[in-house]
Amino acid sequence: MSSTSRKSFTAILSGFFLILAGLIYWQVIADLSDHPLNPRRYDVFRQPRGAILDRWGTPLACTVRQNGDYVRVYACPSLSHVTGYFHQRYGMTGLERTYNSSLAQGQEVHTTIDLALQQKLEALMEGRVGAAIAMNPKTGEVLALLSSPYVDPNKLDEFWSDYAADPRSPFVNRATRGQYPPGSAVKPFVLAAALADRITFSEERWQDSGRVVLSGRTISNFQSQGWGSLTSLEALANSSNVVFAQLAAKLGPRLLDTLRQCGLGEALPFPLGSAAGKLPPAEQSAYGWGQIGIGQGSLLVTPLQMAAAVSAIANGGQLMRPYLVEEVRGGWRLPRLQRPVVYSQAVPQWTAAAVREGMVLAVQQGTAKGAALPGVIAAGKTGTAETLTGDDHAWFIGFAPAHDPRIAVAVVLAHGGLASETAAPLGGLVMQAALEACTQGGMQIER
Amino acid sequence: MRSLALSWLELAGWFGLALVWLSQGRSLVLWWQLAAIWAGFAVLGLLTRHLGGAHSLLLPAALLVGLGWIFLYRLRLEWAAHQFSGFVVGLAAYCVGLMGNWAASRTKYVFGVLAAALLIGTLLFGVWVGGAKAWLALGPYRFQPVEFARVLLILFVVRYLVENKPLLRLGGGWAAAKYWGPLALFMGCILLLLAVQRDLGPALLLFTVYCILSGLVVPARKLLAAYSGLAFAGIGVGLLLFPHLRIRMTAWLHPWEHAEGAGYQILQGLFALNSGKVLGRGIGAGMGELISEVHTDFLFALVGEELGFAGVLSLLSLYLIMAFIGLRLADHTSDPIEKYTAVGIVLLWSVQVFMVVGGIIRLVPLTGMTLPFVSYGSSSLVAQMWMLGILASVGRVRAR
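These figures come from a predicted structure and were not determined experimentally.

Student: Which residues make up the overall build of chain B, and what values do they have?
Tutor: For chain B, the count of helices and strands is 15 helices and three strands. Evaluated residue by residue, chain B yields a buried proportion of 49% over its 400 residues. Taking as baseline every contact in chain B between residues at least 6 positions apart, the subset at least 24 positions apart corresponds to 69%.

So this is what it looks like as C-alpha cells:
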C-alpha cells in the first residue's frame, strides 16, 4: 500500500476498534435491562409464560391467549400471596417475581402447594384477618399458605383502588412477613430449652397459686386461675404462666439460644422472602425473662417461623428449611430440584419427644382441646398474645398424628381474641383438612 | 473467475436463507425484491467485469443492501418497497458512476459549481421536512440534494487540490494563501449553506473528509492546526447560534439526567443495543421499533439488538472490507485525481459510519445521518450506488 492508503487505512482501522470497544462495553459489559425507562423491562408481558403448578400438577397460574394477547389466569385467589401476580401495570410479586427469569423462558414452576387444601383453608379463614400455614413437618414442604385478607390477582384492574385503600392491607403477606408476639405459643420452646438444660424434667411437680412475683412484679395466670399441684407437662397443657415465667427466669439468656436454634429472630430463606421477627435483648430482669417465657415482651415471631419451629418439635428436633418450590423444569434449561434440607438441630430428640407429650396433653385436656381430631391423636398449643391496641392475637400451633406427624400447622388470627376458643378449633379444622388432603391425594405426603 | 461465481452463488444462498427465514409465519409479499437485489448486483458485477472495472466491491455492498432491505421489511413493508425503488434507480446511478470519466480534464470545476447550485437550489426551492430544509421536489418525486452534492464536492476538491498541489505546497505567506483562499472561501460558503438548512451532519462529515483529504494531498502541520482551530471556532459559533445544537450536546453528554427529554432517543438506542448482548434476540424479536427514526438514523441500534454484537461486528467488518478494497484500488491507479477520488469516497463512507455508529454509542454527538447502503432513504442509496460506480471505474482503462 502507498503511504496515502496506509495512513487512511490506519485511521479507519483505529476508528473501527474505537467503535468495537464502545460496542463491547454497551452490548456485552453494561446491563441496562432494569432501567425504568427501558421498555424491555416489561417485555415479558408480551410472551407466553411458564405455568406455576401445585404438587399434583394442577395449574395455579397459567397463561392463556385472549384476542392475541397473553393473559395470566390464577386458579385460587387466596394463593395470591404465594404465586404473586404478574401484571402489566402493577408489576410482579411472589413466585412470579422470584422465578421470573425461568417463567419468562417457558419453564414451569412446580410448587409444594396442595390446591384442594388451600381452598379449604381459604373457606376456613373467610372473613378473618391473619395467616395459616400447613407444612409437612418431616420435609419442610409448605402444603398451604394463606394470608388473609388477600387480593384476587385476576381482578387487579377492577379492584386495585379498593385494595390499596383497604385498612387491613391485603397486599401484606402476614404468613411470611407478619410479626406478632407469640403469647403462650412460645411455651413448647421454653419447655424444650428448660428440659435440654436440665432445669426441669417432665414429671417435676410445681405448686401454682395463680400468680408469681419476679423481681418485685407479679405475673399471673389467665384470669389468675391457680392450678395447684401440677407437673411440667401439665403446666404446658394448661398454659401455666406461673411455671413458665419461673422456667424462663431460670434459663435467662440461654433461652435465647434455643429460640434462635428454632429459627426465631432470623429471616428464614424462603422464595417469597420472610421477616426476621425479633428476639429480646440478652439483658433482662427476672421479670423480663418471665414475660418472654410467656411470649410477651419484645419477642416477635412470624407464622412461617412458628410453623417451621413446631415442625421441629414434631419430627424429633430437626429444623427443616421451609420450601415452596420443588422443581423448575421445561424449556431448554436443566431442571432444578429442591430436596428437603435440615436447617439446624433445633432441640435434642428426647426433648422434642417430651414436649410433644405435653402438647398432646394440651389437646386432650388442656387449653388446646378445641383442636382435638376424631380418631387421631393430635398435638398442639394455643397462644393468646396481649396487644397494646384492641383484642389479643390468637395463635395455634400443632401437628398430627402426634406420633407419626404428617402435618404441622401454624395459625394466627390478628386480634382474634381468646385462642382456645378461636384459633384452636380453627387449627383443628386445618389439621383435619390437611390430613384428608394427604390421604385423598392418593399418596402419602412423605418423602 | 470460478471463485467469483462461487461468491455470488454463496451470496444467493444467504439471501435464500434470509427469504426462508422471513417467510416463517408471515406472507412474503415482496420476496422477489430481495432476489432482485441479488440479481441486480450480479448483473452489475458482470457489467463491471466486462468494462474492466473493479467488481470486488459489489459483494459486500450487496450484503449491506440486502441486510438493510431485510430490516426495513421487518419494520414496515412500505419502507422495504420504497428502498427497493431507490435501489432500482441506484442501478442506473452505478452505471453512470462506472461509465463516466470523473477525472477527465475537461470537467474542470464544473462539479463544484453543480454542488453549489444544488445546495442553493435547495435553499430557494426546498421543502421543509422534519426540521430541516433538505429536500427538493421534482414533480411527484422528492430527493435530498445534499447526498449528491457531497459526492460532487469531493470530486471538485480532489481536482482542485491535485491540480494546484505544487502551488498549495508553497510555504506560508501570500503565495500559498492565493491558492488556499478561494478553496477555503468556497468550502466555507458550502458549509454555511448546509448550516442554514440545519443539515449539520453532512456539514460536519464534509468538513472532516475535506480536512483529511487536503492533509493527504498537501501534507503540512500548519494546515492541521488551522483546521483544528476552524473546527473549534465553528462548533463554538454553532453552539451560540443554534439552540438545537445545544440540545444535542446535552443529549450526548448527559443523557441519563435528561432521560425523558433530550436524552430519550439515545438511551432507547443504548437499551436496544444492550439487550442484543453477544448473539442478539433474533430478527423481529427486538423492541427497537420503539426508537424514533429507527429506520434511518437508528437502524444500527436495531441490528445490534436483533443480531447482537456478532451481527454488528460483521456489519462493520463489511465496511472495513470495502474501505480496504477501495484503498487498494486507489493504489492501483496512476492518475492522482482518480486515486484521491477513490480515497475520498472511502473516507466519506468510513467517516459517515463512524459518525453514525459513534453517535449511537455516545462516542460522538448524534448527527442524524444514514448508515451507507443500509438505512432507509432512496436519495442516500442512489448516491451511495453512484459512489460505488465511481470507485469501480477507478483504474478502468479508457480512451482519453
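Now that the structure has been shown, the text picks up again.
Student: Run through the sheet that holds strand β3 (residues 69–74) of chain A, naming residues and quoting values.
Tutor: Residues and elements named next belong to chain A. Overall, mixed pairing links the six strands, which are arranged β3-β2-β1-β6-β14-β15 in an open sheet. Both outer strands of the open sheet, β3 and β15 (336–337), are each paired with one neighbouring strand and no more. Relative to strand β2 (residues 59–66), strand β1 (residues 52–53) runs antiparallel, the two sharing two bridges. For I52, the partnering residue across the bridge sits in β2 and is A61.

Student: Go over the interface of chain A and chain B with me, naming the residues and quoting the values.
Tutor: Residue-level contacts link 28 residues of chain A with 34 residues of chain B. Split into classes, the residues belonging to the side of chain A that touches chain B amount to 14 nonpolar, ten polar and four charged.

Student: I'd like to hear about the nonpolar core, residue by residue, with values.
Tutor: In this structure, A62, L213, F300 and L391 of chain B are the most contacted members of the largest nonpolar core, which totals 131 residues. Every residue in contact with F300 of chain B, bar those within four places of it in the chain, is listed here: V312, V356, V357, I360 and L371 of chain B. Grouped together as the second largest cluster of nonpolar side chains are 123 residues, A248, L251, A378 and F396 of chain A included.

Student: Which residues make up the pairing of strand β10 (residues 211–214) of chain A, and what are the values?
Tutor: Residues and elements named next belong to chain A. For β10 and strand β11 (residues 217–220), the ladder comprises four bridges, and the chain directions are antiparallel. Looking across to β11, one finds that V212 is bridged to I219. The hairpin formed by β10 and β11 contains two residues between the paired strands, and S215 there has a positive phi angle of roughly 35 degrees.

Analysis parameters
- Residues numbered from 1 in each chain as written.
- Chains lettered and ligands numbered in written order.
- Predicted model: local features only at pLDDT ≥ 70, side-chain atom pairs only at ≥ 80, totals over all residues.
- Helix = DSSP H or I, 4+ residues; strand = E, 2+ residues; numbered from the N terminus.
- Buried ≥ 20, exposed ≤ 12 C-beta atoms within 10 Å, placed from the backbone.
- Contact = placed C-beta atoms within 7 Å.
- Pairing = 2+ DSSP bridges.
- Nonpolar A, V, L, I, M, F, W, Y, C, P; charged D, E, K, R; others polar.
- Core = buried A, V, L, I, M, F, W, Y, C linked by C-beta atoms within 7 Å.

Keep in mind these values describe shape, not function.
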